[in-house]
Each structure stands twice: as C-alpha cells, then as structure tokens.
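Each chain is listed here by its residues.
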Amino acid sequence: SSYSSSSSWRQVPRALARGVPPVSPGTHLILLFFPPSAGQVRREYRKFFRANAGRKIYEFTMQRIMQKYFLDLKKTMPSMSPIDKSWPARPYLFLEDTHEELRRIFHLWRCKKYRSQFTEQKKAIFEEKLEASEMFKDRKALYPSSVSQPFKGDYLEISKNPKYQKLGSLVEEKIILADTVNKVNRANGKGAPRLFLLTKNSLILADQKSGQIKSNVPLDDIGSVSVSSQSDGFFALRLKEGSAAAAKGDFLLSSERLIEIVTKLHRTAASTAGRSQIRVDITDEFLVQFKQDKVCVKFVPGGPRNGNSATCKRKNNRLLEVSVPSP
C-alpha cells in the first residue's frame with residue numbers, strides 16, 4: 001500500500017500519542033521511506049497494547065463505578081436528625097469498609113452540626129441526659145421511660161408558690177431540684193410524703209403540709225446512693241459513717257422521677273472541687289443503717305399490690321422487702 005492511502009501508517013502517530021514508548025530515530029527513517037503494512041504495525045506495537053490495555057480499562061471502570069457510587073449516595077442521604085438510623089444500602093461488596101466509614105463520618109458531622117445550635121442551657125440539659133444514660137442505661141429497668149421526659153428540676157415552684165413561701169425563705173441557696181418523694185418509715189416500711197429539695201451544698205427533706213424542715217443533710221455527708229436494677233423508684237441515701245447526719249441513720253426514699261433525682265444529685269456533688277463523688281450502686285439487695293441496726297433491703301419481682309407501684313414491707317427486724325410488679 002502507498003504512503004498516502006495506508007490507514008496503518010496513519011495509526012502510528014496516534015498510537016504514539018496515546019503513550020506507546022517512542023521508537024529510535026533510525027526506525028523513523030525506515031518508516032518514512034518504507035511505509036509499513038497493517039500487519040507490520042500490529043506486530044511492532046502489539047506488546048505495548050497488551051501491557052497497557054487491561055490496566056487502562058480497569059482504571060476507567062473503577063473510576064466510573066466510584067463516580068456513580070458517590071452520585072447515588074448524594075441522592076439518598078438520610079436526614080440531618082442524629083437519631084435517624086437509616087443509611088443507603090451498600091451497592092458493591094468491595095465497598096463495605098468505605099461505606100461504613102462514610103456512615104460513621106456523616107453521623108459525627110451531623111451530630112456536630114446539631115450541637116452547634118445549642119444554647120448553654122440546652123447543653124446543660126443534654127449533659128444531664130448523657131450522664132443519666134451512662135449511669136442507668138441497660139442497668140436500671142426504669143431508665144427507658146425517663147429518656148423522653150425532660151428534666152425540669154423545680155416541680156414545686158418554691159419561689160412562686162405561696163404555700164412554700166416560708167420554706168423558700170429558709171433556703172438561702174439556689175434550688176436545683178424540688179419535688180415530692182415518699183420517705184419509707186424505718187419501723188414498718190410504709191411511706192410518708194416529704195418535700196425533697198436539692199441545693200449546691202445540701203439536701204433538705206421537709207413536711208409536705210407545713211413545709212417544716214425535717215432533715216438538712218450536707219452533700220459532703222452522703223457517701224453513696226443505692227438503687228435496684230428493676231422498674232421501681234426506691235433509692236437509699238447512705239450517709240458516711242461518723243458524719244453528723246448519720247446519727248439518725250440512712251434514708252430510704254421513693255419517687256417516679258428517681259432517674260432525674262439521682263442524676264442531679266450525682267452531678268451537683270461532682271461539680272464542687274475537692275468534694276468526693278457520690279457513688280451510685282445498682283443492686284437488688286443492699287444494706288442500710290437505721291439508727292443502731294443494719295437492715296437488708298431486698299427487691300423481689302411480684303404481682304401488683306397497689307396499682308402498678310412497687311410496695312415495701314418490713315418482714316422482720318433485719319429485712320425490708322420491696323415487691324416490684326412484673327413488666
């Protein structure tokens with residue numbers, strides 16, 4: 001074939017432009033005066049096509065797959081809500097690790113975006129909820145019902161309620177929590193309503209009707225709080241041995257807002273530098289000190305005896321039994 005009509009000759013510079021290694025100057029002269037046939041060109045450059053074609057095709061295919069993966073992922077991203085657990089299905093098995101890592105990164109990013117909207121007050125609320133989760137999640141059956149309930153703190157509105165005006169005047173510190181609890185009578189296990197006030201440095205129990213202060217316990221005198229793993233609201237304030245408040249013995253109380261009360265008590269005690277933390281023990285059997293006697297408080301599952309509430313009964317001088325309704 002002639003130089004002007006040979007399609008094979010026209011393909012040589014194109015092949016060179018695509019990255020085929022250059023030939024020697026002598027070869028150029030030979031090609032100029034003796035145009036090669038199609039067979040000659042194929043034989044000359046076959047080794048280069050074989051070496052590069054597979055890799056080029058693979059790279060192009062992978063780039064196209066990844067491009068489509070990211071474009072599809074962009075269209076199917078879940079909402080910006082941190083509690084949204086949905087995530088697009090993984091399209092290819094080899095992307096499993098990448099897919100899970102992108103899910104983790106996206107969740108951390110949207111959580112950060114969500115937190116950036118918080119006021120200082122809202123931050124404190126969520127910090128309390130986080131602490132409650134760390135203490136009680138998967139450890140206390142009452143915990144799940146508290147998750148959706150906001151921690152209000154002052155349920156009695158001591159400063160506004162005329163009924164508690166006198167009590168409010170006796171409390172000099174800011175009230176962190178005010179609620180009504182039941183105090184278990186040491187003699188028979190029956191409950192009596194008490195006003196429960198928590199301040200930065202003390203815990204106050206007052207008569208529900210008169211507002212008269214019955215007990216004022218410094219937080220420094222509280223060594224630990226004991227609760228069961230079940231769905232009841234009983235908790236024991238265990239006082240440090242030898243402290244002034246320990247003269248009358250420990251307190252056994254109950255409240256439907258146990259999770260909030262214990263969380264706020266723990267956080268308040270920990271917020272003061274130099275003060276030892278109040279330990280929280282979760283067990284279905286513990287000892288309390290009632291004056292000179294040590295009494296075992298034991299939680300047992302049972303049918304409801306008083307609506308859906310747990311009931312406490314003194315079995316003997318050494319045992320208080322709390323019957324908790326079955327779920």
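Residues numbered from 1 in each chain as written. Predicted model: local features only at pLDDT ≥ 70, side-chain atom pairs only at ≥ 80, totals over all residues. Heavy atoms only, no water.

### Overview of helix 4 (residues 96–115)
Cut-off, in case you're wondering: Under the DSSP-based scheme used, a helix requires at least four consecutive residues in state H or I and a strand at least two consecutive residues in state E, with every element numbered from the N terminus. Here the expected length of a helix is defined as 1.5 Å per residue gap, with one fewer gap than residues. Residue burial is assigned from relative accessible area. The probe radius is 1.4 Å, only protein chains are included, and a residue is buried under 20% of its type maximum, exposed over 50%, and partly exposed in between. Of all possible arcs, the one meant is that of the directions from the helix axis to the C-beta atoms.
Counted at 1.5 Å a residue, the expected span for helix 4 with its 20 residues is 28 Å, and the 29 Å between its end C-alpha atoms agrees. Of all the residues in helix 4, the buried ones are His99, Phe106, Arg110 and Cys111. For helix 4, the buried positions fall inside an angular range of 130 degrees around the axis, keeping them on one side. Away from the buried face of helix 4 by more than 90 degrees, exposed residues Asp97 and Lys112 are located.

### Some remarks on the confidence of the model for the chain
The line we're drawing: Every residue gets a pLDDT, meaning the predictor's confidence in that residue, from 0 to 100. In what follows, a contact means two residues having at least one pair of non-hydrogen atoms within 4.5 Å.
For the chain, per-residue confidence averages 83 on the pLDDT scale, and residues scoring 70 or more make up 82% of the total. Below pLDDT 50 for its whole length, residues 1–13 participates in 15 contacts with residues either more than four positions away or in separate chains. Taken as a whole, residues 15–20 scores under 50 in pLDDT and shows 9 contacts with residues more than four places along the chain or in a different chain.

### Considerations on helix 5 (residues 120–136)
Taking 1.5 Å per residue, 17 residues should reach 24 Å; helix 5 reaches 24 Å between its end C-alpha atoms and fits that length. Those residues of helix 5 not exposed but buried are Glu128, Lys129, Glu131, Ala132, Met135 and Phe136. The buried residues of helix 5 all sit within an arc of 160 degrees when viewed along its axis, so they share a single face. Of the exposed residues in helix 5, the ones pointing more than 90 degrees away from its buried face are Glu120 and Glu134. If you follow the buried residues of helix 5, they end up packed against strand 5 (222–227), helix 7 (258–270) and strand 8 (279–282).

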